[in-house]
Amino acid sequence: MSREPMSRDENLRNSRLVFYENDVQRLNAEIDTFLELSKARCALLVDRDGHLVTRRGEPVRTSEETVSALIAGSFAATREMARLLGENEFAILFHQGTRDSIQLQLIGERTLLATLFDGRTNLGMVRFYAQETAGRITDVLHEIHSQNRSADLNADFSSRAEDALDKLF
Amino acid sequence: MVQINFAQKSVNLKVVYYGPGMSGKTTNLEVIHQRAPEGNRGDLTSISTDGDRTLFFDYMPLDLGTVAGMRTAFQLYTVPGQVYYNSTRKLVLQGVDGIIFIADSSASMVNQNLESLRNLEENLNEYGKSLATLPHAIQLNKRDLPDAMPVEELGRLLNPHNAPMFEAIANTGQGVFPTLKALAASVLKNIMNESGQKAAAYQPPSAPAPHTGAPHARPSVPQRPNAPAPVRPTAPFPPAAHPPGPMHGLQPSYPHLSSPAPMAGGFYGGAPAAPPMGHGQPLHAPHAHAPGGMQLAQPGAYGTGTPHALSQTRSQPRPALSLTVAKPGAPPAPAPRPQRAATTQAPAAGKGRAHASKAKPAEPQKTSSGKFTPVLIMGGACLGAVLAWVLMNVL
């Protein structure tokens, strides 16, 4: 399979993300501002693989991990549909419920911003501010990725995790 | 794709159960869900058809608790096995850290097993991965079937990379956990290799010399698990080393933006003043002007619950996102009003609408300069002359 040189986004997509505390603080600050302006209930920043990066605002009623996995799955399915229809991708998804609604927005190449909101605001407000916030978060993520950082896990992390799994079953 | 989040002190790994349809992938996950301690397992979520066939994926988070200061969790997924679900199957593989291939031991399923394995390799290649380097384990399920093929034969066909291989009868739980543990060990070792920034390829732990000759020369014969895993009650399990509070460990509240920190140069130029809605103090950010950011084009809508018309300029990098909090009595910032029409308008809030078109035309600021005084004098003089002429002619 011949591949062209990886773009910045592709590079970001293919490498794993390591988030340090100040990274997440910066992301949190952007999302807090977004929530305040849009009046949305809560926002989840989800890695495209389905891992939750951070959640701000009101807690989700159910498992955040599960919601994150479903968000990523939903987006992945829609992207495939977009390709079949000749689009690169659908960058924004919206699911409307009777009480709560959710908007999913692609941020960069591998992160999704899921915004839960109710009748206190409306889709237009959420979409408008999410668009701006997406640009800002993209900048932060690129900055995070551009730094050459390693995951400084403990040397015995692997063996201790195996022990934990042994104890589990 | 491993996610290491030092802010949340968490490590997340993605494991996918792959294999042909009806080989027992979902059953594996169900057994894990049944036997995992309550505090360590998340909900088992299935996106399946009415006939209980997996349509998209099954998903279950498995929390190992805090390991070396990091909350470590495996995100376990299955894929739909049917051939015609390949597009969704491929999607689930995105960012995978380890694969458990569930093979059906029945002789009648050998072709389906091979096809699924080939399909797995193809799909992995699309993500730039390969079974040769990706941690994986193989489970030979349904060993209780009368037509189950010999383990050696299946190993020769399905395990060219000498990955750990296990016999299983998943619906009784047998072999489920040894497979998961072996795969987890491989994935965890792989993380540590990557953490050391070593580009070394993944080496299966049970294979002292992978790729040595034909697959028949595979030195390690798959070991049958010691004993069928009995159904264990949850009570004897030690309490999970779990952070207090909800399982997912995130703080339920967030800092409101009523921070005392000065936030000049607001990017958005202003926030719609809305009634308090449980999000803390309503914000007032009028007239903020940030070069290269969002500029307030119509400050007059402020405080009415309607959003502002905003114009966006992006010629410069985005400034730090912040809000300008209005100080009581503070004069509005001298925001230069853009001459051109606003390119972006904030959407309507509630029933209010942004009326950018209703902006009043600019009026000359009579009080600010004396350049209109001569005009007024001349006008008055002319008017007086006309009146005088009328009076003289009429009277």
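Rules behind the numbers
- Residues numbered from 1 in each chain as written.
- Chains lettered and ligands numbered in written order.
- Predicted model: local features only at pLDDT ≥ 70, side-chain atom pairs only at ≥ 80, totals over all residues.
- Helix = DSSP H or I, 4+ residues; strand = E, 2+ residues; numbered from the N terminus.
- Buried ≥ 20, exposed ≤ 12 C-beta atoms within 10 Å, placed from the backbone.
- Contact = placed C-beta atoms within 7 Å.
- Pairing = 2+ DSSP bridges.
- pLDDT = per-residue confidence, 0-100.
- Expected span 1.5 Å × (residues − 1).
- Core = buried A, V, L, I, M, F, W, Y, C linked by C-beta atoms within 7 Å.
- Axes fitted to C-alpha atoms, helices over the stretch in contact; angles between N-to-C directions.
- Arc of directions from axis to C-beta.
- Parallel < 35°, antiparallel > 145°, perpendicular 65-115°, else oblique.
- Nonpolar A, V, L, I, M, F, W, Y, C, P; charged D, E, K, R; others polar.

1. Observations concerning the overall build of chain A
Item 1. A count of helices and strands for chain A gives five helices and six strands.
Item 2. Secondary structure of chain A in N-to-C order comes out as α-β-α-β-β-α-β-β-β-α-α.
Item 3. Going through the 169 residues of chain A one by one, you find that 50% of them count as buried.
Item 4. Sequence separation of at least 24 residues holds for 53% of the intrachain contacts in chain A that already meet a minimum separation of 6.

2. Section: the environment of Glu-122 of chain B
Item 1. With respect to the secondary-structure elements, Glu-122 of chain B resides in helix 3 (residues 110-126).
Item 2. When the C-alpha positions of Glu-122 of chain B and Lys-90 of chain B are compared, they lie 9.2 Å apart, and in sequence the two are 32 residues distant.

3. Section: the pairing of strand 2 (residues 42-47) of chain A
Residue and element names in this part refer to chain A.
Item 1. Of all six residues in strand 2, six are buried; the element is thus mostly enclosed.
Item 2. The alternating pattern of strand 2 places Cys-42, Leu-44 and Val-46 and Ala-43, Leu-45 and Asp-47 on opposite faces, both of which are buried.
Item 3. Where strand 2 lies against strand 3 (residues 52-57), five bridges are found, and the strand directions are antiparallel. Across the sheet, residue Cys-42 finds its bridge partner in strand 3, namely Gly-57.

4. Considerations on the confidence of the model for chain B
All names here are of chain B.
Item 1. Summary statistics for chain B give a mean pLDDT of 67 and a share of 53% for residues scoring 70 or more.
Item 2. Taken as a whole, residues 197-317 scores under 50 in pLDDT and shows 248 contacts with residues more than four places along the chain or in a different chain.
Item 3. When the criterion is pLDDT under 50, residues 319-369 qualifies, and its contacts beyond four places in sequence or with other chains add up to 95 contacts.

5. Describing helix 3 (residues 64-84) of chain A
Residues and elements named next belong to chain A.
Item 1. Taking 1.5 Å of rise per residue, 21 residues should cover 30 Å, and helix 3 covers 30 Å from first to last C-alpha, within 8% of that figure.
Item 2. For helix 3, the complete set of buried residues consists of Glu-64, Glu-65, Thr-66, Val-67, Ser-68, Ala-69, Ile-71, Ala-72, Gly-73, Phe-75, Ala-76 and Arg-79.
Item 3. Looking one or two residues beyond helix 3, the residue adopting positive phi is Gly-86, at roughly 90°.

6. Some words on the nonpolar core
Item 1. Within the largest apolar cluster, 106 residues are counted, with the highest numbers of intra-cluster contacts made by Ala-43, Leu-112 and Ala-114 of chain A together with Val-16 of chain B.
Item 2. Looking at this core, the element that brings in the most residues is helix 5 (residues 176-195) of chain B, giving 10 residues.
Item 3. Contacts of Val-16 of chain B, omitting those with residues within four sequence positions, involve Tyr-77, Val-79, Val-92, Leu-93, Val-96 and Ile-99 of chain B.

7. What about the environment of Phe-94 of chain A?
All names here are of chain A.
Item 1. Along the chain, Phe-94 falls in strand 4 (residues 92-96).
Item 2. Residue classification places Phe-94 among the partly exposed residues on the basis of 13 C-beta atoms within 10 Å.
Item 3. Taking the C-alpha atoms as reference points, Phe-94 and Leu-104, 10 residues apart in sequence, are found 6.2 Å from one another.
Item 4. For Phe-94, the contacting residues outside a window of four places in its chain are Ser-101, Gln-103 and Leu-123.

8. Notes on the pairing of strand 5 (residues 101-107) of chain A
All names here are of chain A.
Item 1. Judged by how many residues are buried, strand 5 sits mostly within the fold: seven of seven residues are covered.
Item 2. Side chains Ser-101, Gln-103, Gln-105 and Ile-107 of strand 5 all project onto a buried face; the interleaved residues Ile-102, Leu-104 and Leu-106 project onto the opposite face, where all are buried too.
Item 3. Looking at chain direction, strand 4 and strand 5 are connected through five bridges and run antiparallel. The partner of Ile-92 across the bridge, within strand 5, is Gln-105.
Item 4. Between the end of strand 4 and the start of strand 5, which pair antiparallel, lie four residues.
Item 5. Note: strand 5 against strand 6 (residues 111-117), seven bridges, orientation antiparallel. Bridge pairing links Gln-105 to Leu-113 in strand 6.
Item 6. Between strand 5 and strand 6, which pair antiparallel one after the other, the connecting turn spans three residues, and Gly-108 there sits at a positive phi close to 65°.

9. Brief notes about the sheet that holds strand 6 of chain A
Residues and elements named next belong to chain A.
Item 1. An order of 3-2-6-5-4 is seen for the five strands of this open sheet, with the pairing classed as antiparallel. Edge positions in the sheet fall to strand 3 and strand 4, since each of these pairs with one other strand and no more. Here the strands of the sheet are splayed against their neighbours by 15° on average, with no regard to which way each runs.
Item 2. Packing against the sheet, helix 2 (residues 21-38) makes contact with strand 2 and strand 3, and its axis sits at approximately 40° to strand 3.
Item 3. Where helix 3 meets the sheet, its contacts fall on strand 2, strand 3, strand 4, strand 5 and strand 6, and the angle it forms with strand 2 comes to roughly 65°.

10. Some thoughts on helix 5 (residues 157-168) of chain A
All names here are of chain A.
Item 1. Given a rise of 1.5 Å per residue, 12 residues ought to cover 16 Å, and the 16 Å separating the end C-alpha atoms of helix 5 matches this to within 8%.
Item 2. Residues of helix 5 that are buried include every one of Phe-157, Ser-158, Ala-161, Ala-164, Leu-165 and Leu-168, and no others. One side of helix 5 carries all its buried residues, which in axial view fall inside an arc of 120°.

11. Topic: the confidence of the model for chain A
Item 1. When pLDDT is averaged across chain A, the result is 84; 87% of the residues are at 70 or more.
Item 2. Scored below 50 in pLDDT, residues 1-13 of chain A shows 15 contacts in the model against residues more than four places distant or in partner chains.

12. Regarding the packing of helix 2 of chain A against helix 4 (residues 123-146) of chain A
Residue and element names in this part refer to chain A.
Item 1. Contact geometry for helix 2 and helix 4: axes closest at 9 Å, N-to-C directions at 170°. Compared by their axis directions, helix 2 and helix 4 come out roughly antiparallel. Two secondary-structure elements touch here, helix 2 through Asp-23, Arg-26, Leu-27, Glu-30, Ile-31, Phe-34, Leu-37 and Ser-38 and helix 4 through Met-125, Val-126, Tyr-129, Ala-130, Thr-133, Arg-136, Ile-137, Val-140 and Ile-144.
Item 2. Looking at side-chain class alone, the contact of helix 2 with helix 4 contains 11 nonpolar, two polar and four charged residues.

13. Digging into the environment of Gln-174 of chain B
Residues and elements named next belong to chain B.
Item 1. By secondary structure assignment, the location of Gln-174 is in the loop between strand 8 (165-167) and helix 5.
Item 2. C-beta crowding within 10 Å serves as the criterion here: with 22 such atoms nearby, Gln-174 is assigned to the buried category.
Item 3. With 143 residues separating them in the primary sequence, Gln-174 and Val-31 have C-alpha atoms 9.5 Å apart.

14. So, unusual backbone geometry
All names here are of chain B.
Item 1. In this model, Met-22 sits at a positive phi of 65°, which is unusual for a non-glycine residue.
Item 2. Following the sequence through the fold, Met-22 ends up in the loop between strand 2 (10-18) and helix 1 (25-35).
Item 3. In this structure, Asn-162 is a non-glycine residue whose phi angle is positive, near 55°.
Item 4. Looking at where Asn-162 falls in the secondary structure, it is placed in the loop between helix 4 (151-158) and strand 8.
Item 5. The exposure class of Asn-162 is buried, given the 22 C-beta atoms found within 10 Å.

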